[in-house]
Amino acid sequence: METVRAAERALMARLPEGALMQRAAAGLAAACAELLGRVYGSRVVLLVGSGDNGGDALYAGARLARRGAGVTAVLLTPGRAHAGGLAALRRAGGTVATADSAAVDELVLRADLVVDGIVGIGGKGGLRPDAERLAGVVARSRAAVVAVDLPSGVDADTGEVRGAALRADLTVTFGAYKPGLLVDPAREYAGVVRLVGIGLEPPPAEAVLEALQHADVARLLPLPTGESDKYRRGVVGIAAGSARYPGAAVLAVSGALRGGAGAVRYVGPAGDAVIARFPETLVSDAGPAKAGRVQAWVVGPGAGDDAAAVAEVLEADVPVLLDADGLRLADREAVRRRTSPTLMTPHAGEAAALLGVRREEVEAARLAAVRELAAVYRATVLLKGSTTLVADFAGGPVRVNATGTPWLATAGSGDVLSGLAGSLLAAGLRAPDAGSVAAYLHGLAGRFAAQGAPTGAHDVASHIPRAWRDVRG
Ligand SMILES: NC(=O)C1=CN([C@@H]2O[C@H](COP(=O)(O)OP(=O)(O)OC[C@H]3O[C@@H](n4cnc5c(N)ncnc54)[C@H](O)[C@@H]3O)[C@@H](O)[C@H]2O)[C@@H](O)CC1
Ligand SMILES: [K+]
């Protein structure tokens with residue numbers, strides 16, 4: 001949050017005191033009014049902490065009170081609530097209660113709207129006991145809940161939620177998206193997120209997270225030119241599958257064929273299954289080192305215990321994508337020594353095994369986990385899951401993928417992703433771009449394939465071309 005704060009300080013130096021808060025409160029009140037539909041006669045409860053987050057809530061409450069809402073501010077730390085905001089609310093006809101008064105629960109339970117202004121980006125640690133108790137009452141209420149800047153109790157910087165937190169239907173955030181609004185588990189607490197501009201633009205180079213949009217992905221897609229032949233467009237090698245798991249090889253190849261490489265070379269024991277489904281594949285049963293030239297390797301999906309193939313691939317002087325069994329079988333030092341890029345694509349369980357922690361710990365702190373893995377392996381890491389993150393060991397913003405859908409949590413879907421990302425590597429994309437573009441296309445393809453119903457991984461792969469066309473407009 002230091003970036004946001006620095007930008008705020010710079011802007012405030014140029015603006016009359018309170019101007020930013022007034023902009024924030026105006027945007028917040030407008031969003032609340034829209035949610036309420038009819039403001040006049042509605043019952044609004046403001047939960048107000050001791051900082052400027054509470055100030056925003058109080059000024060917005062004053063605006064709603066002036067439009068005829070019955071507004072009560074519940075002060076969690078009486079005596080320390082924002083003085084200007086409190087005066088404005090009183091002038092507008094609002095009333096004030098303290099969190100320990102007996103009537104507060106009833107007030108919350110009967111409200112149409114609860115505005116969570118307990119803490120914003122200045123919050124430290126989880127909710128205090130009185131706030132935690134109120135969060136429980138809010139959860140039982142049928143009121144719509146609007147969080148100011150971010151839901152109180154979530155960590156703005158990391159997306160971690162260490163205890164109780166307010167669950168919002170809508171979060172109105174100011175100036176910039178905070179990581180806690182984009183990364184699970186905190187993201188789940190935020191509901192729909194609306195960004196209100198207050199004239200605050202943190203310098204993009206310092207952003208902690210970034211999310212690619214259609215136009216960004218369109219710029220990164222490898223497109224054939226008049227000069228292209230299949231070798232110039234890149235050959236991707238897939239070392240995957242085993243007698244036990246031939247399907248993983250087929251699915252990885254199905255992703256690779258749709259990723260922009262000019263040809264797909266398959267190496268491993270599932271050649272017959274691959275050829276039967278995709279006759280355009282170049283198949284070899286010699287090891288990766290003897291398979292002929294490729295511009296990138298994918299190793300691991302369904303590979304069983306073929307540690308030799310993983311070691312051979314890691315020696316190759318081209319980009320390598322490590323997935324599934326490949327992650328488990330790869331020697332850490334061999335990965336760190338590599339001079340060509342390495343892209344690792346674990347899910348939370350695999351990431352936990354590599355870091356030597358429990359899966360729950362990775363799920364609770366996804367941002368920290370993806371950064372740490374990237375640093376430990378000197379690699380680019382794509383952490384799959386509810387919010388897919390891509391981090392590079394060289395630092396820079398972590399990319400968060402916005403296109404995912406829970407329907408993608410299906411067997412074999414990761415094999416398709418690894419083939420797709422490997423193909424983009426072979427076509428010349430940098431590892432962070434190959435990972436994030438693949439996640440983006442894969443998420444879109446999953447949405448097109450699912451359309452609200454369960455879908456299989458092969459179907460996701462066959463919708464990748466539609467995702468390309470959608471991105472290119
Ligand atoms: N700085 C600015 O220019 C702007 C700030 N805005 C608002 O101001 C907020 C940040 O304000 P502050 O820096 O005052 O910080 P907050 O209001 O987020 O919280 C800090 C206050 O809460 C207390 N506190 C910290 N952790 C707590 C916890 N776990 N439980 C209960 N109380 C806790 C602290 O003692 C401090 O008084 C933003 O989130 C946003 O809502 C907006 O008004 C837009 C402009
Ligand atoms: K809040």
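Scroll up for the structure.
Residues numbered from 1 in each chain as written. Chains lettered and ligands numbered in written order. Predicted model: local features only at pLDDT ≥ 70, side-chain atom pairs only at ≥ 80, totals over all residues. Heavy atoms only, no water.

## Topic: the pattern of salt bridges
Phase 1 of the analysis: Scanning the entire structure with this criterion turns up 17 salt bridges.
Phase 2 of the analysis: Asp149 is paired through a salt bridge with Lys178; the nearest N and O atoms lie 2.9 Å apart. Residue Asp149 is located in the loop between β5 (144–148) and β6 (170–174), and its partner Lys178 is located in the loop between β6 and α7 (186–190); the two are separated by 29 residues in the primary sequence.
Phase 3 of the analysis: Asp184 serves as the salt-bridge partner of Arg187, at 3.2 Å between the closest nitrogen and oxygen.
Phase 4 of the analysis: Arg187 sits in the partly exposed class, given a relative accessible area of 35%.
Phase 5 of the analysis: What makes Asp184 buried here is its relative accessible area of 6%.
Phase 6 of the analysis: Ionic contacts of the salt-bridge type, sharing partners, join the residues Glu210, Arg399, Arg430 and Asp433 into one network. (Salt bridge = Lys/Arg side-chain N within 4 Å of Asp/Glu carboxyl O. Helix = DSSP H or I, 4+ residues; strand = E, 2+ residues; numbered from the N terminus. Buried < 20%, exposed > 50% of the residue type's maximum accessible area, 1.4 Å probe, protein only.)

## Comments concerning the site of ligand 1
Phase 1 of the analysis: In the region of ligand 1, 24 residues are neighbours, and Ser50, Asp52, Asp56, Gly120 and Asp149 sit closest.
Phase 2 of the analysis: In this structure, a nitrogen atom belonging to ligand 1 sits 2.8 Å away from a main-chain N or O atom of Lys124.
Phase 3 of the analysis: Arg128 is positioned such that a nitrogen or oxygen atom in its side chain is 3.4 Å from a nitrogen atom of ligand 1.
Phase 4 of the analysis: For ligand 1, whose accessible area on its own is 860 Å², the fraction buried by protein is 85%.
Phase 5 of the analysis: Mapped onto the shell around ligand 1, the elements with two or more residues apiece are α1 (2–12), α2 (19–36) and α3 (52–66).
Phase 6 of the analysis: Considered class by class, the residues forming the shell around ligand 1 number eight nonpolar, eight polar and eight charged. (Near = heavy atom within 4 Å. Polar contact = N/O pair within 3.5 Å; in protein donor to acceptor, adjacent residues only side chain to side chain. Areas by Shrake-Rupley, 256 points an atom, 1.4 Å probe, with all protein chains shown as cover. Nonpolar A, V, L, I, M, F, W, Y, C, P; charged D, E, K, R; others polar.)

## Brief notes about the coordination of the potassium ion (ligand 2)
Phase 1 of the analysis: Taken together, Asn53 (OD1), Asp116 (O), Val119 (O), Val148 (O), Leu150 (O) and Ser152 (OG) make up the full set of protein donors to the potassium ion (ligand 2), lying 2.7 to 3.0 Å away.
Phase 2 of the analysis: Of note is the potassium ion (ligand 2), whose six donor atoms meet at the metal with angles of 67 to 169° in an arrangement that counts as irregular.
Phase 3 of the analysis: As a motif over one chain, the donors of the potassium ion (ligand 2) read N-x62-D-x2-V-x28-V-x1-L-x1-S. Taken together, the residues span a long stretch of sequence, with Asn53 in helix α3 and Asp116 in strand β4 (residues 113–117) at a distance of 63 residues.
Phase 4 of the analysis: Take Asn53: its relative accessible area is 9%, and that puts it in the buried class. (Donors = N, O, S within 2.8 Å, 3.2 Å for Na, K, Ca; no water. Tetrahedral: all angles 85-135°; square planar, octahedral: opposite > 155°, others 65-115°.)

Taken by themselves, the reported measurements are silent on function.
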